[in-house]
Amino acid sequence: MVSVDTARQLARTELEDVVPRRWKHVTAVARRARWVAERLRLSDDLVTAAWLHDVGYAPRLVDTGFHPLDGARYLRASKVDEAVIGLVAYHSCAPIEADIRGFGSILAAEFAPGDPQLTAALLYCDMTTGPDGDYVRPADRLVEIRGRYGPEDVVTRFVELAAPQILATAASVEELLAVHPR
């Protein structure tokens, strides 16, 4: 089992110096994941996956250009637990983008989805954290992503298709957080 500290170090090694803005985002997502995991009494796999969810953006790991798949492949080669790899491979509605990119069957053949509750919590953490690590509402995060990628990009098409699921999932996690005492 890969510890949270090992996951942090793997992410730091791959992201901090080469994609510092992504590193800021990942650091904040992991911090939010720690808070959510404590509040909802979830497994540390959530925090581990939060540290690793965007490792596929590291330039030396890019193979397909689809960061959940590239990251999951790297994590498999790094002997990370399958449960965590599944969270990374399927984070933030990745199957929808995989289908758009033509990788849907590849993703499904290579990796099993992670625990649904942890997958939802990871989406919440990712979609409430902006690129510079600031808290954002999920709807505003989707606007930011569309603006960053532009109207013709595959990521924008993905966001438009995934928006209802992203917003519903984030809202369900927010509801859970509201009913759990601190």
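Being a predicted model, the structure only gives us computed values, none of them experimental.

## Side note on the overall build of the chain
If you tally the helices and strands in the chain, you get ten helices and zero strands. Judged by the C-alpha coordinates and their principal axes, the chain covers about 45 × 40 × 30 Å. Residues counted as buried form 53% of the 182 residues belonging to the chain. Taking the intrachain contacts of the chain between residues at least 6 apart in sequence as the baseline, contacts between residues at least 24 apart amount to 66%. Mean positive and mean negative side-chain charge positions of the chain (21 and 26 charges, respectively) differ by 4 Å.

## Considering the nonpolar core
By size, the foremost hydrophobic cluster in this structure holds 62 residues, and its most contacted members are V36, L46 and L52. With ten residues, the top contributor of residues to this core is helix 10 (residues 154-179). Discounting residues that sit within four places of it in the chain, L46 has contacts with A33, V36, A37, L118, A121 and L122.

## Re the packing of helix 4 (residues 67-77) against helix 5 (residues 82-89)
The interhelical angle for the contact between helix 4 and helix 5, taken along N-to-C directions, is 165°, at an axis separation of 8 Å. The angle between the axes of helix 4 and helix 5 places the two elements in the roughly antiparallel class. The chirality of how helix 4 crosses helix 5 is right-handed. Together, P68, A72, L75 and R76 of helix 4 and E82, I85, V88 and A89 of helix 5 make up the contact between the two elements.

## Considering the side chain of T128
Tracing the backbone shows T128 in the loop between helix 8 (116-127) and helix 9 (138-149). Among the polar contacts listed, one links the side chain of T128 to the backbone oxygen of Y124, at a separation of 2.7 Å. At 3.4 Å, the side chain of T128 forms a polar contact with the backbone oxygen of C125. If near-sequence neighbours (up to four positions away) are discounted, T128 is found in contact with R32, D134, Y135, V136 and P138.

## Digging into the packing of aromatic side chains
Evaluated as defined, the whole model comprises two aromatic pairs. With centroids separated by 6.2 Å and ring planes inclined at 15°, the aromatic side chains of F66 and F103 adopt a geometry described as stacked. Of this pair, F66 sits in the loop between helix 3 (45-52) and helix 4 while F103 is found in the loop between helix 6 (94-101) and helix 7 (104-110), placing the two residues 37 residues apart along the sequence. Between R22 and the ring centre of Y57, over which it is positioned, the NZ or CZ distance is 3.8 Å.

How each quantity is defined
- Residues numbered from 1 in each chain as written.
- Predicted model: local features only at pLDDT ≥ 70, side-chain atom pairs only at ≥ 80, totals over all residues.
- Heavy atoms only, no water.
- Helix = DSSP H or I, 4+ residues; strand = E, 2+ residues; numbered from the N terminus.
- Buried < 20%, exposed > 50% of the residue type's maximum accessible area, 1.4 Å probe, protein only.
- Contact = heavy atoms within 4.5 Å.
- Lys, Arg positive; Asp, Glu negative; His and termini not counted.
- Charge placed at Lys NZ, Arg CZ, Asp CG, Glu CD.
- Core = buried A, V, L, I, M, F, W, Y, C linked by side-chain atoms within 4.5 Å.
- Axes fitted to C-alpha atoms, helices over the stretch in contact; angles between N-to-C directions.
- Parallel < 35°, antiparallel > 145°, perpendicular 65-115°, else oblique.
- Left-handed = near helix turned anticlockwise from the far one by under 90°.
- Polar contact = N/O pair within 3.5 Å; in protein donor to acceptor, adjacent residues only side chain to side chain.
- Phe/Tyr/Trp six-rings, centres within 6.5 Å; stacked < 30°, edge-to-face > 60°.
- Lys NZ or Arg CZ within 6 Å of the ring centre and 35° of its normal.

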